[in-house]
Each structure stands twice: as structure tokens, then as C-alpha cells.
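This is what each chain is made of:
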Amino acid sequence: MRMKELTLAICGAFFVSSLAHANTEDWEYSGHESYGDLIDELTSDDESGLIESLTGYKYNESSFMQALGIQFKGWTEIGFSGNTGTSKSSHGNGPVTFNDGPNEFKLHQVYGIIEREVNTASDSISFGFRADVLYGTDARFTTASNFDTNILNDTNQRKLAFPQAYVDVFLPIGNGLTATMGHFYTMIGYETVPSAGNFFFSHAYTMQYGEPFTHSGGYLTYQLTDNITLRGGAVTGWDAHFDQPVNFLGSVAYATDDERTSLTASLITGSVETGSPHDDHNRTMYSIVLEHDITDRLHYVLQHDLGVESSTSTNTSAEWYGVNQYLFYEIMHNLAAGLRMEWFRDDDGTRVNSFAENYIGVTGGLNYTPIAGFTIRPEVRYDRTTENKAFDNFRDNDQIMLSVSGIFRF
């Protein structure tokens, strides 16, 4: 048996064993209606940081912070990406970004958030804001053109980025209308840049290559009914700080009364500038995310993305699409197992490499929180291409990664 097949068999057996021997002690599950709610849940004040865990001191409840009406939170993530089929000095982990350094430790994220939440239950106008700062090796994948790229040298692997800086204004119109204006993360897709909002250390190909990370502009949020939320507005393209044409960005989200199932469809469409200042053409993509709580402990996510572009830098049209599936099982109150299966098609060789290709990935992992404020995320990931060699300096069509990261919450 080849080494890769043996490693896959061992890791697969370990993952299945973890599920089979799950602790069945009952505990209360706190569900979430959408992916945005999941991020808030994982980074909320209910999730104690190390300072509170070790000292009992809650700095957000101090008289000074209460008087300002603001909150501060954040985390630091350090990770190791082990690749069984390449060396530290090689091209990297192929098309896998974020944790792209083979067989080395990296400071991925030092992340800080300061915010004042808008009061959506008020019967008068309410104001809020949020600002995020990100330093580390992950920042270079989420910089906005004409802004973050100018803060530090472009060749510096650890960059500084401000992925969010926006204000919220709540207007008591109808069921309540909230206006968001500034620079913010996209509403498209399932995974996102903040590590504390993702189950896995690594990312899906759709998130890495098929979707925008951030936008600049504004949008409105309206709770049409108890089950339906509408969002829509104007942004300046993808990952651009007001130096791209205006695009439409919007979404429709539906959640059942018991909040066990939700469906979100999002869309961005409009012109994009590449090459000369007058080289405008349309780029459109949509994402559909279905989330369902099969049981109180077993959760399923299905995502489908599709994007098209009428022209590229090589003067050809482009199309890309993919399907991701996630399965999460909560073994104990501080231990969960996850499985991600993905397929991403770069149909014209414009999103990943210079050749048309199918990118297939299977990732299994655990989230373990031994003490409040610290989470360790080991994972095993298998990647494969079907038509070309994209791994180990373009010498192989598959690879296995054994990685782990630790998140220390403030």
C-alpha cells in the first residue's frame, strides 16, 4: 500500500472512531440561524476569553467600557501545516492558500474587534459601528486594493489589513431597517476570513478562489417577516477600496420557525476593471447555502457557487462553480468533529492555475476546547486534481496535509 493510502486509512479510522465513541451525555445546544449568527456565537462575550478564564476579570463589563458603550474582543491563531508530499523549500501546498506554508509554523492571525452594537429593538434611531484589524500571514489574502496593500511592503508575508470598518444606523421603519456603510466582509458564501468563525483550519476552494472577501459601499437589511431577511445595496466590486465600478450585492435568507433549517441565496453582479482603465466587463456570481440541524448534535451544510465573467486579462470569458458539503457532530460540550467534502471546477483556468481543472478536497477535523478561551483544531486534508498535476511543484495530482492550529481568545 502506498504511503498516502495508508495515511488516509489511519486518519479515516480515527475520525470514524471519534464519532462512534461519542459521549452521549445530554447538554443544551445553542443553534444558529445563519452563518453570520455562527460567527457572532463563536466570538461573542458568552465565549470566555483567556483573561476571564484565568483571572475571572471581564474587561468588557468594566465601568470604563460600559460608559463608552463599546466592546473589544479578538484572538491569536498559530498553526502548523504538515505536507507529506513536499518540502519546506518547495512551491508550497499547491493551490491551498491561507495555511500554504508546508511543514512550518506560522502566525496566522492576530485579530482585534472593537464595536458598538446597534439596537435593533429600539423605537428610535440607533447608531453603531465596528472596526476589525488583522495582522499575520492570513492578512495578505484579504487585503483591499488601493488601501491595505499600501500599509506594509507587498513582499512582506505578514501583512496588516483592516477588513472591516463600518457604521450601522437603525431606523424604526416597518419591522426595522438597518443601513450599513463602509468596508465589510462579504455576505456571499459560507466560510470567512476570521479563524474563530470557521470550524476548519484550512479553507474550501470556493472561498479561496470563487468568492470575494470584502466590499466597500453600503447595504440595507430589512426583516421582512420573522422568517425572511432581505439585504441589498451597492458596493465597489470585489476586494476593492472604492477603486472599482459599482456592483449590486444582495441576499435573501429564510429560516424556519424552530431555526433548525435556513436557506440563504446571495448575489453580486456588475462591471469590473482589469487591464486598462477602460477595460470594463461584467462579473456575476451567486452562492446558495442550506443549513440544517439533523439532530441537536448533528448539523449539515450544503453550499453551491457559480460565477461567470464576460472577459479576463487573457480576453476570454470565464466560468467557475462548485459544491461543498459539511457535516458537524458535537461529541461533548467542548469537543466536536467535522467533515468537509468539496468539488470546485475552474472551467477556463482563470481562477486557480492557468489550466482548466477539477479540484477535489476531503477534510476531517476536530475542535477541542480544553479550557475556555483556547481551541485546538487538528485536521487531515486530502486534495486531488483530475486532469493536471497541481501539487508538489506541479509534479503530482494529489497531496495529504496533516495540520493543526490553536486559537487563543482574548
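As the structure is a prediction and not an experimental result, all values here were calculated from the model. (Residues numbered from 1 in each chain as written. Predicted model: local features only at pLDDT ≥ 70, side-chain atom pairs only at ≥ 80, totals over all residues. Heavy atoms only, no water.)

(A) View of the overall build of the protein chain. For the protein chain, the helix and strand inventory stands at five helices and 16 strands. Only carbon and sulfur atoms are counted for the fraction: they give 58% of the accessible area of the protein chain, which is about 18,400 Å². (Helix = DSSP H or I, 4+ residues; strand = E, 2+ residues; numbered from the N terminus. Areas by Shrake-Rupley, 256 points an atom, 1.4 Å probe, with all protein chains shown as cover.)

(B) Spotlight on empty space enclosed by the protein. Under the definition given, this model contains two cavities of 30 Å³ or more. If you go around the largest cavity, the residues you meet are Glu-77, Phe-98, Asn-99, His-108, Gln-109, Asp-138, Val-193, Ser-195, Asn-198, Phe-201, His-203 and Arg-377. Residue classes in the lining of the largest cavity are distributed as three nonpolar, six polar and three charged. (1 Å grid on protein atoms, 1.4 Å probe; cavity = no way out; pocket = protein on both sides within 12 Å on 5 of 7 lines; lining within 4 Å. Points joined across faces, edges and corners; volume = space filled by probe spheres on them. Nonpolar A, V, L, I, M, F, W, Y, C, P; charged D, E, K, R; others polar.)

(C) How the structure looks around the nonpolar core. Counting residues in hydrophobic clusters, the biggest one holds 22 residues, and the most contacted among them are Phe-184, Tyr-205, Leu-249, Ile-268, Phe-344 and Tyr-359. Beyond its immediate sequence surroundings of up to four residues, Ile-268 is in contact with Ile-188, His-215, Val-235, Gly-237, Trp-238, Asn-247, Phe-248, Leu-249, Arg-283, Thr-284 and Met-285. Leu-134, Ala-196, Met-207 and Phe-213 belong to the second-largest nonpolar core, a separate cluster that totals 14 residues. (Core = buried A, V, L, I, M, F, W, Y, C linked by side-chain atoms within 4.5 Å. Buried < 20%, exposed > 50% of the residue type's maximum accessible area, 1.4 Å probe, protein only. Contact = heavy atoms within 4.5 Å.)

(D) Inspection of the pattern of salt bridges at higher detail. Within the structure shown, the criterion is met by 17 salt bridges. The partner of Lys-73 in a salt bridge is Glu-115, and the shortest N-O contact between them spans 2.9 Å. Taken together, the residues span a long stretch of sequence, with Lys-73 in strand E1 (residues 71-83) and Glu-115 in strand E2 (residues 104-116) at a distance of 42 residues. Each member of the pair, Lys-73 as well as Glu-115, is classed as buried. Linking Glu-309 and Arg-351 is a salt bridge whose minimum nitrogen-to-oxygen distance equals 3.9 Å. Separated by 42 residues along the polypeptide, Glu-309 in strand E11 (residues 298-309) and Arg-351 in the loop between strand E13 (335-346) and strand E14 (357-371) bring together distant segments of the chain. Arg-351 carries the same exposure label as Glu-309, and that label is buried. Within this structure, Glu-191, Arg-340, Glu-342, Arg-381 and Asp-383 form a network of salt bridges that share partners. (Salt bridge = Lys/Arg side-chain N within 4 Å of Asp/Glu carboxyl O.)

(E) A look at a negative patch on the surface. Together, Asp-226, Asp-257, Asp-258 and Glu-259 give the surface a local cluster of negative charge. Looking at the element boundaries, Asp-226 is found in the loop between strand E6 (214-223) and strand E7 (228-235). For Asp-226, a relative accessible area of 72% puts it in the exposed group. (Patch = residues over 30% accessible without salt bridge, like charges linked within 9 Å, V, L, I, M, F, W, Y side chains within 5 Å. Lys, Arg positive; Asp, Glu negative; His and termini not counted. Charge placed at Lys NZ, Arg CZ, Asp CG, Glu CD.)

(F) Main features of the environment of Asp-138. Checked against the element boundaries, Asp-138 lands in the loop between strand E3 (126-136) and strand E4 (159-171). A residue is classified by how much of its surface remains accessible, and Asp-138, at 4% relative accessible area, is buried. Counting along the chain gives 29 residues from Asp-138 to Gln-109, while the straight-line C-alpha distance between them is 6.2 Å. Setting aside chain neighbours within four positions, we find Asp-138 in contact with Glu-77, Phe-98, His-108 and Gln-109.

(G) Quick peek at the environment of Thr-274. With respect to the element layout, Thr-274 can be found in the loop between strand E9 (261-273) and strand E10 (280-293). Taking C-alpha positions, Thr-274 is 7.4 Å from Thr-312, a pair spaced 38 residues apart along the chain. Setting aside chain neighbours within four positions, we find Thr-274 in contact with Asp-279 and His-281.

(H) Seen up close, the environment of Pro-95. Assignment of secondary structure puts Pro-95 in the loop between E1 and E2. In the structure, Pro-95 is positioned 288 residues away from Asp-383 in sequence and 9.5 Å away in space, judged by C-alpha atoms. In contact with Pro-95, not counting residues within four places along its chain, are Tyr-205, Gln-208, Tyr-209, Val-352, Tyr-359, Ala-390 and Phe-391.

(I) Molecular detail of the side chain of Arg-340. Along the polypeptide, Arg-340 turns up in strand E13. Residue class for Arg-340 comes out buried when judged on its relative accessible area of 0%. Among the polar contacts made by the side chain of Arg-340, one reaches the side chain of Glu-191 at a distance of 2.9 Å. The contacts of Arg-340, once residues within four sequence positions are left out, are Glu-191, Phe-200, Ser-202, His-203, Ala-204, Gln-325, Tyr-326, Gly-361, Val-362, Thr-363 and Arg-381. (Polar contact = N/O pair within 3.5 Å; in protein donor to acceptor, adjacent residues only side chain to side chain.)

(J) Geometry of unusual backbone geometry. Phi is positive for Asp-239, close to 50°, though the residue is something other than glycine. Residue position: Asp-239 is located in the loop between E7 and strand E8 (247-255). We classify Asp-239 as buried; its relative accessible area is 19%. Positive phi, close to 60°, is recorded for Phe-394, a residue that is not glycine. Judged by relative accessible area, Phe-394 falls into the partly exposed class, the value being 40%.

(K) Looking closely at the packing of aromatic side chains. Inspection of every chain in the model, using the stated rule, returns 16 aromatic pairs. Between Phe-72 and Phe-410 the ring centres are 6.1 Å apart and the planes differ by 10°, which places this aromatic pair in the stacked class. Placement of the pair is Phe-72 in strand E1 and Phe-410 in the segment after strand E16 (398-409), with a sequence separation of 338 residues. Classification of Phe-72 as partly exposed rests on a relative accessible area of 32%. Exposure remark for Phe-410: the relative accessible area of 29% places this residue in the partly exposed category. A network of ring pairs unites the aromatic residues Tyr-190, Phe-199, Phe-200, Tyr-326 and Phe-328 as a single cluster. (Phe/Tyr/Trp six-rings, centres within 6.5 Å; stacked < 30°, edge-to-face > 60°.)

(L) Focus on the pairing of strand E5 (residues 177-185). When you tally the buried positions in E5, you get eight out of nine residues, the bulk of the element. A loop of five residues connects E4 with E5, the two strands running antiparallel in sequence, and Gly-174 in this loop sits at a positive phi of about 60°. As defined by bridge partners, E5 adjoins E6 across nine bridges and the pair is classed as antiparallel. Looking at E6, one finds that His-183 is bridged to Ser-216. (Pairing = 2+ DSSP bridges.)

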